[in-house]
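Per-entry structural report
So you can see what is in the structure, the chains are spelled out below.
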Amino acid sequence: MTKNQKSFEENGYCIVKKVITPELRDFVTQYALFDEMQDFSSDGDQVPTAHSKYADPAMESMLIYLQEVIEKNTGLEVFPTYSFFRVYRQGDELKNHIDRPSCEISSTLCLNYSYDQKDYQWPIFMNGNKINLEPGDMAVYRGCDLPHWREPFDIEDEEAWHVQGFFHYVNQLGPYADYKFDKRKSLG
């Protein structure tokens, strides 16, 4: 059992550092910011003021790309369910919650952020534990079991942003296996 698998089993989450290259990270971040700028869609119900998108083709591709990383760090064989991204801006907050069945094994990937306040950090909380993710770092967690949230994005700079990707899976042998592809015919 790896260190991350042990953390996932004991704590319900683990942190994977530098899970994607800086080039891929920057490409996907710019993609999300352009999508926000063009306002193609906003599927946000948890954070209604933030631009977000469900099952975006770029993120669905990342969902497949990250599946092996998820399996390696949890010790589970998983089915992908769905992905989305969110562009957080000043004042946005993710309320304390647990996820729906399609998010049995969840991950949140810090794609990038832009803060003028260099010492500012905007953690995600998992079961009360503060987790700071640097660009390219990902937290993998039991979404249906572990309460998680973000306090308000309390930054003075109105132009600041924080882009997160969310990639969800279910255990192939678990109680939510029938949520494969979020009960869609396929990904994408």
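I will try to describe carefully the structure that is included in this document. (Residues numbered from 1 in each chain as written. Predicted model: local features only at pLDDT ≥ 70, side-chain atom pairs only at ≥ 80, totals over all residues. Heavy atoms only, no water.)

Considering the environment of Ile105
Selection criterion: Comment: elements are numbered from the N terminus, with helices defined as DSSP H or I runs of at least four residues and strands as E runs of at least two. Any two residues whose heavy atoms approach within 4.5 Å are treated as being in contact.
In this fold, Ile105 is placed in strand β5 (residues 105–114). Distance from Ile105 to Cys144, taken between C-alpha atoms, is 7.8 Å for residues 39 residues apart in sequence. For Ile105, the residues in contact, after removing those within four places along its chain, are Phe8, Ile70, Thr74, Leu76, Val78, Val140, Tyr141, Arg142, Phe167, His168, Tyr169 and Asn171.

Focus: the packing of helix α2 (residues 22–38) against helix α3 (residues 57–74)
The following threshold applies: Note on method: axes are straight lines fitted to C-alpha atoms, helices fitted across the in-contact stretch only, with angles between N-to-C directions ranging 0 to 180 degrees. Angular relationships are summarised with four words: roughly parallel below 35 degrees, roughly antiparallel beyond 145, roughly perpendicular across 65 to 115, and oblique for the angles in between. When the near helix sits turned anticlockwise from the far one by under a right angle, the crossing is termed left-handed; a clockwise turn instead gives a right-handed crossing.
Two elements in contact, α2 and α3, have axes separated by 11 Å at closest approach and are oriented at 150°. What the angle tells us is that α2 and α3 run roughly antiparallel. α2 and α3 meet at a crossing whose hand is left-handed. Two secondary-structure elements touch here, α2 through Leu24, Val28 and Tyr31 and α3 through Ala58, Met59, Met62 and Tyr65.

Structural notes on the sheet that holds strand β7 (residues 129–131)
Basically, it comes down to this: Two strands pair if DSSP finds at least two bridges between them.
Reading across the sheet, the four strands line up as β4-β9-β6-β7 and stay open at both edges, with antiparallel pairing between neighbours. The open sheet has two edge strands with one neighbour each: β4 (94–97) and β7. Geometrically, the sheet is characterised by an average inter-axis angle of 25° between neighbouring strands, direction not taken into account. Where strand β6 (residues 124–126) and β7 come together, three bridges link them in antiparallel fashion. Residue pairing for β7: Phe125 is matched across the bridge by Lys130.

What about the sheet that holds strand β8 (residues 138–141)?
Overall, antiparallel pairing links the six strands, which are arranged β1-β8-β5-β10-β3-β2 in an open sheet. Both edges of this open sheet fall to β1 (13–16) and β2 (51–54), since each of them pairs with a single strand only. Averaged over all pairs of adjacent strands, the angle between strand axes in this sheet comes to 20°, irrespective of strand direction. Sheet analysis places β1 next to β8, joined by four bridges and oriented antiparallel. The residue bridging Tyr13 from the neighbouring strand is Tyr141, located in β8. Against the sheet, helix α1 (residues 3–11) touches β1, β5 and β8, its axis set at about 150° to β1. Taken strand by strand, α2 contacts β2, β3 (78–88), β5 and β10 (161–171), and its axis lies near 80° from that of β5.

Structural notes on unusual backbone geometry
In this structure, Asn127 is a non-glycine residue whose phi angle is positive, near 55°. Among the structural elements, Asn127 can be located in the loop between β6 and β7. Even without being glycine, Phe181 reaches a positive phi, approximately 60°. Positionally, Phe181 belongs in the segment after β10.

Some words on the environment of Asn132
Which entries qualify depends on this criterion: When a residue's accessible area, from a 1.4 Å probe over protein chains only, is under 20% of the maximum for its type it is buried; when over 50% it is exposed; and in between it is partly exposed. Polar contacts, as used here, are pairs of N or O atoms within 3.5 Å; protein pairs need one atom able to donate a hydrogen and one able to accept it. Residues neighboring in sequence count only if both atoms are side-chain atoms.
Among the structural elements, Asn132 can be located in the loop between β7 and β8. With a relative accessible area of 32%, Asn132 lands in the partly exposed category. When the C-alpha atoms of Asn132 and Ile15 are compared, they prove to be 9.7 Å apart, with 117 residues separating the residues in sequence. Excluding anything up to four places from it in sequence, Asn132 contacts Gln121, Trp122 and Pro123. One polar contact links Asn132 to Gln121, side chain to side chain, over a distance of 2.9 Å.

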